[in-house]
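Analysis of the macromolecular model
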Amino acid sequence: MNAHKKKRQSKKSKLSWRKHVDISDVEHFFEDKWLQERLGKPASEKANDELFLVDTTPNAKKIVTSKQKRRLLLKERLPKCFSILQPHTAVPAPISKKNQLKGKSTFASIIEKKLLKHLKKGDTLPIYNRAKVRRLNKLKSKQRNVTFNSNVWNCEALNQVDGEWMNDDTKRHTLHGTSKYRKIAPHSVHSKPTLLPSIEVPHPGTSYNPNFEDHRMLLKEAAKREEKVIKEERHLDRVTTGMFSKVTVSERDDNWLVEMSQGLEDEDANNSDSEYKSINPPVKNKKKDLKQRRKHREHNKMLNAIRMIKKTKKKITDIHNLKNVMKDIQQKSNKTEMLKLKRLKKKEYTRNEPKRLARRKFEESEIEFNAPQDISGNLRTLKREGSVLMDRFKSFERRNILRPSSKHNLKKGKFKKFTKSDHKDDWKTTVARPNIS
Amino acid sequence: MVAKRKKKFTSGEGARYITRQGALKKLQLSLKDFRRLCILKGIYPREPRNRNKAQKGRSGIKTLYHSKDILFLMQEPIIWKLRDMKVFFRKVAKAKTTKEFGQMHRLLKQHPKLKLDNIVKERYPTYIDALRDLDDCLTLCFLFSTFPSLEHINHEQFALCRRLTIEFMHAVIESKALRKVFISIKGYYYQVEIKGVTITWIVPHQFGYQPQRGEVDFKIMSTFVEFYIIMLGFVNYRLYNSLNLFYPPKLSIRNVPEIEKKLVNKEALTSERIAGLNLPLHNTVLHTEEEVELDEFPLESSSEEMAEAKKEGEEMNKLKTLFKGLKFFLNREVPRESLVFVIRCCSGEVSWDKLLFVGSTFDEDDETITYQIVDRPIVDKQFISRYYVQPQWVYDCINARELLPVNKYFIGEVLPPHLSPFVDKDRDSYQQYIPPEEVLLRNPNVKLADNDMEEDEGLEKEAEGEEKEESDDEDEPDELKDETVEKLQQNAKKKLSVKTGEVEKEDPWKKHKLEKQEYRLREKMVKNKHRRLYKSMMEGKKKRSKEVWLLKKKRRLIEEKEKAARKGKTN
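Sequence order as written defines the numbering, with residues in each chain counted from 1. Lettering of chains starts at A and numbering of ligands starts at 1, both following the order in which they are written. This being a predicted model, a pLDDT of at least 70 is required before a residue's local features are given, and a value of 80 or more before pairs of side-chain atoms are given or counted; all residues contribute to the totals for chains, interfaces and linings. Here the side-chain values reflect all heavy atoms present in the structure, with hydrogen atoms and water set aside.

Our next topic: the overall build of chain B. The number of helices and strands found in chain B is 21 helices and nine strands. For chain B, with 571 residues in total, the buried portion stands at 40%. Of the accessible surface of chain B, which amounts to about 36300 Å², a share of 52% is contributed by carbon and sulfur atoms. Counting from the N terminus, the helices are DSSP H or I runs at least four residues long and the strands are E runs at least two residues long. Think of it in three bands: residues with accessible area under 20% of the maximum for their type are buried, residues over 50% are exposed, and the middle band is partly exposed, with areas taken using a 1.4 Å probe on protein chains only. Residue exposure ignores everything except the shown protein chains as possible cover, and the areas themselves are Shrake-Rupley values with a 1.4 Å probe.

In this section: the overall build of chain A. A tally of helices and strands in chain A yields 14 helices and zero strands. The contact criterion used is simple: two residues touch if any of their non-hydrogen atoms lie within 4.5 Å. Residue pairs at least 24 apart in sequence account for 52% of intrachain contacts in chain A once pairs closer than 6 positions are excluded. Surface accessibility of chain A: about 41000 Å² in total, with carbon and sulfur atoms responsible for 55%.

So, about the pattern of salt bridges. A carboxyl oxygen of Asp or Glu within 4 Å of a side-chain nitrogen of Lys or Arg is what we treat as a salt bridge. Here the structure, examined in full by the defined rule, presents 35 salt bridges over all chains. Between Glu397(A) and Lys394(A) there is a salt bridge, with its nearest N and O atoms 3.7 Å apart. Remark: Lys394(A) and Glu397(A) occur in helix H14 (residues 388-398); sequence separation between them is three residues, near one turn of the helix. The partner of Glu315(B) in a salt bridge is Arg401(B), with the nearest N and O atoms 3.1 Å apart.

The subject of this paragraph is the interface of chain B and chain A. A common way to state how big an interface is: give the accessible area lost once the parts meet. At the junction of the two partners, chain B supplies 101 residues and chain A supplies 76 residues. Carbon and sulfur atoms make up 64% of the area that chain B and chain A hide from each other, which totals about 8100 Å². Note: buried area is the sum, over both parts, of the accessible area (probe 1.4 Å) each one loses when the two are combined. Contact with chain A buries surface across chain B, with Ile61(B), Ile185(B) and Lys186(B) losing the most and accounting together for 10% of the total. Taken together, the connections running from chain B to chain A amount to five salt bridges. A salt bridge links Asp136(B) to Arg392(A); the shortest N-O distance between them is 2.6 Å.

The next thing to look at is the packing of aromatic side chains. Residue and element names in this part refer to chain B. Pairing of aromatic side chains here covers Phe, Tyr and the six-membered ring of Trp, requires ring centres within 6.5 Å, and sorts the geometry by plane angle: under 30 degrees stacked, over 60 edge-to-face, intermediate tilted. Per the counting criterion, the structure on display carries 34 aromatic pairs over all chains. Summarising the aromatic geometry, the rings of Phe-328 and Tyr-371 are spaced 5.4 Å apart at their centres and angled 20° between planes, so their arrangement reads as stacked. Here Phe-328, found in strand S6 (residues 327-330), pairs with Tyr-371, found in strand S8 (residues 371-373); they are 43 residues apart in sequence, far enough to count as distant. No difference in accessibility class separates Phe-328 from Tyr-371, as the two residues are buried. Counting every residue linked through ring pairs, the aromatic cluster contains Phe-142, Phe-168, Tyr-188, Tyr-190, Trp-201, Phe-341 and Tyr-395. Definition used: whenever NZ (Lys) or CZ (Arg) falls within 6 Å of the ring centre and also within 35 degrees of the ring normal, the charge is taken to sit over that ring. Taking the ring centre of Trp-352 as reference, the NZ or CZ of Arg-336 above it sits at 4.7 Å. Here the guanidinium or amino end of Arg-386 rests over the ring plane of Phe-383, the centre of that ring lying 4.0 Å away.

With that settled, the discussion passes to a negative patch on the surface. Residue and element names in this part refer to chain A. Only residues whose relative accessible area exceeds 30% and that form no salt bridge are eligible for patches; like-charged ones are grouped when within 9 Å, while nonpolar side chains (Val, Leu, Ile, Met, Phe, Trp, Tyr) are grouped when within 5 Å. Only four residue types enter the tally: Lys and Arg on the positive side, Asp and Glu on the negative side; His and the chain ends are excluded. For this purpose, a charge sits on NZ of Lys, CZ of Arg, CG of Asp or CD of Glu. Taken together, the side chains of Asp-22, Asp-25, Glu-27, Glu-31, Asp-32 and Glu-45 present a region of like negative charge at the surface. As for its position among the elements, Glu-31 is in helix H2 (residues 24-39). For Glu-31, a relative accessible area of 52% translates into the label exposed.

All names here are of chain B. When DSSP finds at least two bridges between two strands, those strands are taken to pair. Taking strand neighbours across the sheet as the criterion, the four strands line up as S7-S6-S8-S9 in an open arrangement whose pairing is parallel. Because the sheet does not close on itself, it has two edges, and the strands there are strand S7 (349-352) and strand S9 (387-389). The mean inter-strand angle of the sheet, taken between neighbouring strand axes irrespective of direction, is 25°. Both S8 and S9 contribute to a ladder of three bridges, which runs parallel. The residue bridging Tyr-371 from the neighbouring strand is Tyr-387, located in S9. Angles shown run from 0 to 180 degrees and are taken between the N-to-C directions of axes, each axis being a line fitted to C-alpha atoms and, for helices, limited to the stretch in contact. On top of the sheet, helix H16 (residues 336-345) reaches S6, S7 and S8; it is set at about 160° to S7, its chief contact.

Residue and element names in this part refer to chain B. Of the two faces of S6, the one holding Lys-327 and Phe-329 and the one holding Phe-328 and Leu-330 are both buried throughout. Pairing between S6 and S7: four bridges, direction parallel. Paired with Leu-330 across the bridge in S7 is Trp-352. Place the viewer so that the strands point away; then a crossover is right-handed whenever the path from the first strand over the helix to the second strand goes clockwise. Handedness of the β-α-β unit built from S6, H16 and S7 comes out right-handed. Pairing geometry for S6 and S8, over three bridges, is parallel. Note that in S8 the partner of Phe-329 across the bridge is Gln-372.

Here we come to the packing of helix H10 (residues 134-144) of chain B against helix H12 (residues 218-242) of chain B. Residue and element names in this part refer to chain B. Relative to each other, H10 and H12 sit at 110°, their axes nearing to 9 Å. By the angle class used here, H10 and H12 are roughly perpendicular. Along this stretch, H10 crosses H12, giving a crossing that reads as left-handed. Where H10 approaches H12, its residues Leu-134, Asp-136, Cys-137, Leu-138, Leu-140, Cys-141 and Phe-144 are matched on the opposing element by Phe-218, Met-221, Ser-222, Phe-224, Val-225, Tyr-228, Met-231, Leu-232 and Val-235. By residue class, the composition of the contact of H10 with H12 is 14 nonpolar, one polar and one charged. Put simply, angles under 35 degrees are roughly parallel, angles over 145 are roughly antiparallel, angles from 65 to 115 are roughly perpendicular, and the rest are oblique. In this scheme the handedness of a crossing depends on how the near helix is turned from the far one: anticlockwise by less than a right angle means left-handed, clockwise means right-handed. As a working rule, the residues Ala, Val, Leu, Ile, Met, Phe, Trp, Tyr, Cys and Pro are called nonpolar, Asp, Glu, Lys and Arg charged, and the rest polar, with Gly in that last group.

A separate point is the sheet that holds strand S4 (residues 187-194) of chain B. Residues and elements named next belong to chain B. Pairing is antiparallel in the open sheet, where three strands are placed in the order S3-S4-S5. Bordering the open sheet on either side are strand S3 (178-183) and strand S5 (197-204), each of which pairs with just one other strand. Across the sheet, the mean angle from the axis of one strand to that of its neighbour is 15°, orientation sign disregarded.

Moving on, we get to the nonpolar core. Phe144(B), Phe323(B) and Phe341(B) are the most contacted members of the largest nonpolar core, which has 134 residues in total. It is H12(B) that contributes the most residues to this core, 16 residues altogether. Residue types Ala, Val, Leu, Ile, Met, Phe, Trp, Tyr and Cys, when buried and joined through side-chain atoms within 4.5 Å, form a set referred to as a nonpolar core.

Moving on: the pairing of S4(B). Residue and element names in this part refer to chain B. With seven of eight residues buried, S4 is to be regarded as a mostly interior element. Sheet topology note: the S3/S4 ladder contains five bridges and is antiparallel. Bridge assignment links Leu-178 to a residue of S4, and that residue is Val-192. Counting the residues between successive antiparallel strands, the hairpin from S3 to S4 contains three residues. Of the strand pairs in this sheet, S4 and S5 are connected by eight bridges, and their pairing is antiparallel. If you follow Gln-191 over to S5, its bridge partner there is Thr-200. Hairpin connection between S4 and S5: a loop of two residues separates the two successive antiparallel strands, and Lys-195 in this loop has a positive phi of roughly 55°.

A contiguous patch of positive charge, built from Lys287(A), Lys288(A), Arg293(A), Arg297(A) and Lys301(A), is present on the exposed surface. Structurally, Lys301(A) is set in helix H12 (residues 290-320).

Below, the structure is given as C-alpha cells:
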C-alpha cells in the first residue's frame, strides 16, 4: 500500500487543515517574538545607543574596591526579598485591574467618594453616622409620601346625581343603599361645643418683662386661687380628721374591749329567766265577731259622713273666699316667673363654664406666673413657666371637647411571679422526706 | 282594645342621648378606637338638660353623646379601616411573639393608613371655616414640631409637623399677615390675619425638650395632631395657591456654593434652606404688586367708621413695610426663628452667623447692616454704622406699628416693660382707670393734661376767663347785629340785589346740643324688651366712670399734698 503523496490535499476539515498545512514558520515567528518579548530584541537588531553607553564622565582615578562595588550594586538593586513580587516576564498582564471587593455602596460611601474628588490636600473627610443617615433618609422618604396636591374645598358636594331636576330628597333617596350615599353631617359637627375662644388672651402680667401693675394683678389672681384651695383643704381637714380626737394606744384598746363586750351581760341576765321567748312569735289570725264588725262599719260610716259635710261646707266658704284663691294663684305664677328668671340668669352665668361630661369634675390648671425674683427682664435668661401641651389639654377639657379624665396612670401592672414547672424542685420533697427544701 | 303602652325613654330626652358604653356597643369598636374616631370626626360628649331622663333613670354621671352623632359615625368608612387595623395588629403581634421577624416586617410595610381628606371637607365645608378653627391646629403642630421622637407615637408625625409649620410661616411671610406678637413666659403668641380671619397661636420657647410624662395623655393629643396635620396641609395648599406660590415650596439654589451642594442631596439642601425662612419662594407668575385701596363710599352716616377703617388700613400698610430697607444681623444668642419670621413679615432683611444655621445671606462685617440684635451685656467688637439693640425692640416696634426710639433698648439697658398687645387697646379711659404711667407707655407723644401742666393751670384759667368775658361781650353785639342785619335784609328785599355769599359757620355748641337731642330720641326707640338691660348698662357705665373720676381725684389730691409738702420743705 504505497500512498502517493498528493500534491494537493483537501483542507476541508479542521483536522485535515492541521495535518497538511505547514505552519512551522508562523510558529517559529511567534516563538521568536515571545522570546524577544521575554528577553528583549536580539543584539543584532538593537540600536547602538541601546547596546552601548556613552561615557560622559571623565575617567576618575578613584579606585573602588571590589567589595565597595558590590556594596554599591547591592544598594541600587531591589532587595532580594522583594524579587518575588516582581513580574518574571515582560508580558503585560491581560487584566490590569486588580480584583475589587464588591460591597454595598451606601449613601454615605457615595458621598465620601464624591467628596474625595473635591478635597484639597490636608483636608479630612467628615465622619458620617451611616445608620443615622439611613434612618433620616427613610424618614424623609416617608415624609415625602404625604403630599397635599389638591384643593379639598373645590371638589363636588355630597350626594350628587346627574339629574338636575331632582330635588335633594329625591337624590338622597335614589342614592340610598349605593356606595355613593354619604350621610349628611349633623349640625353638631359644624357648631362648636362652646363659646370660649381656643386661645385665650394672655394676661398682660405673663409677659416675660411685665409691667409692674400687670404683674401685681396676676400675682393677686394667683394668690386668690391659692387661698381658695387652702380654704377648701382646711375645711376638709376639719370635717374629717379634725372630727376625731386622738387617743393613746392603751386607751384605744380599752375602748375596744368595752365596745366589744356590749350586750354580753344583758344576755346573761336574759338567760337567767330560763323562759324561752321567740324573737318573732307566730301570728294568730284572730277573727272579729259580728258585733265588732258592725261597730267598725258604723264608725266608718260616721267618719265618711263628717268628711262629706266638711267638703260641702268648704265649697260654700270658698265662694266667699275667692279673693284669697286668686291671690294664691297670683303668688304661684309669680314664683314660677321668678324661678324662670333665675334659671335664665344661671344659664347666662354658666354658659362659659365647662359642662359636666363625666364623673370627674373639670379642674382648673394653676395660674402660671413668674415670681418677682425670677423676672430677669431679658429674653436670654427668661424662666419658662407652664407648658403649652398642658395648656392645650386643659383648654380642650374646658371647651367640652374632651371629657375631664383622671391623670394618666403611670403605674404598671404588677407581675405575678411563678417558677416554671420544669424548674420547680419540689420533686425533692416526697412523702417520705417532707421537710427538704 | 287598649292602645299599645308607650315604653319609657323611647322618645324625647331619653332617646336623644346615648351613653359612651352604648355607643361602643353600637359601633362595635374598642374604647381606644372610639376615642380616636370621635376626635377625628369632631364628635364631642354632650351635657343633657335633664340628666335623669337622658340616662334613662340610671344614677351617677355618665358620659353622653347625641345618638344622632353616633348614627352619623356609624356610616363612616373609617370604621372599617379601624376594624381592619385591629386584625392587622393582631397579626403583627403574633408574628412578633412567634419570632417570625420576616413576616412581621413584611406586614409592617403594609401598615394601613387612614385617609382623612374627606373628613377635613366634611368638618369644614369652606376654606374660611377651616381658617377659623386654625388656632388649635397651629398651636399643637408648632408644639409637636419641637418634640424628639417619642415612644408609642409615630415619629414621622413630628417631622411632618415641622415641615407644615414652616410652610405656613413662609405663607405668612409672603402675605405679610402678621399683626401682633407677644412674648409670654409660656411662649410666643403670634396673631395673623388671613382673609379677614384673625388666627392666634402659641409657639413654645426654644429650650431643650422637657419630658411631660404623666400629666397629659400623649396619645389623645397625637390623635388631634393626626387630623390637624391633614387640615394644615390642605390649608397650606390653598394659601400658597392664593399667593401664587408653588406648593410644595420651591427655592432657587443657584447661589449656593458647589461644596454645599455636594454635601447633601438636593432635597435636603432645599428643605434646610426653606427652614431657614430667609429666602423668598418661587412664584408661579411674575409678581405684580397690588395695592388694595379702600373704596370710598359717599355715605355721610358712616363717615367716622370709614375714617377709622381707612386709618386702620393705613396702619396695616405701615406695619407691612415697617422694616423695609433695614438690614438686621442676629447674634447667636437670640431666638433666630422667631426673629427672622417677625422681621421678614415686616419686609426687613435678616442674616446671621454662617455657622449658626443654613441660609444666612450676609456676614457680620457687612457695613450696610443697620441693626444688630444682641442679647448679651457686652459686645467686644462694635461697628459704628449700626445700632446694637436687644430683641425686645423688634417685638415692641411691631406692636406699636412704628419704629420706636432705640435708646431704651441698647445693650445693657434695663428694658421698658413688654406690654401685651392683646389687651383691649382702646379700652375707654372713661370706663376704666388707666394710670398715667401706662398712658405714657402706650403713647409717649401724649401730653398728660392733669399733672404736668399744673403750673400753667393758673395762667390757663385766667386766659379762659378772659376768653369767656370776651365771648360774652361779643354775644350781645352779635344779637344786636343780627337784628340790624335782619332789618337791613328786609329793606334789601325790596331793592333786589346780589351780594357775595357768606359761609355759614357751624356753631359747635348748637351741633352738640342737636346731637344730644337726637341721641335722646334714639334712646326712646329702645324696645321695651331691652329697656331694662339698656338702663342697667348705662347705670353701670356711669358708676364706672364715677369710680374712675374718684380715683383720679384721689390721686390729684395726694399729689397736691405731696407737692405742698415739698414746697414747704424747700421754703
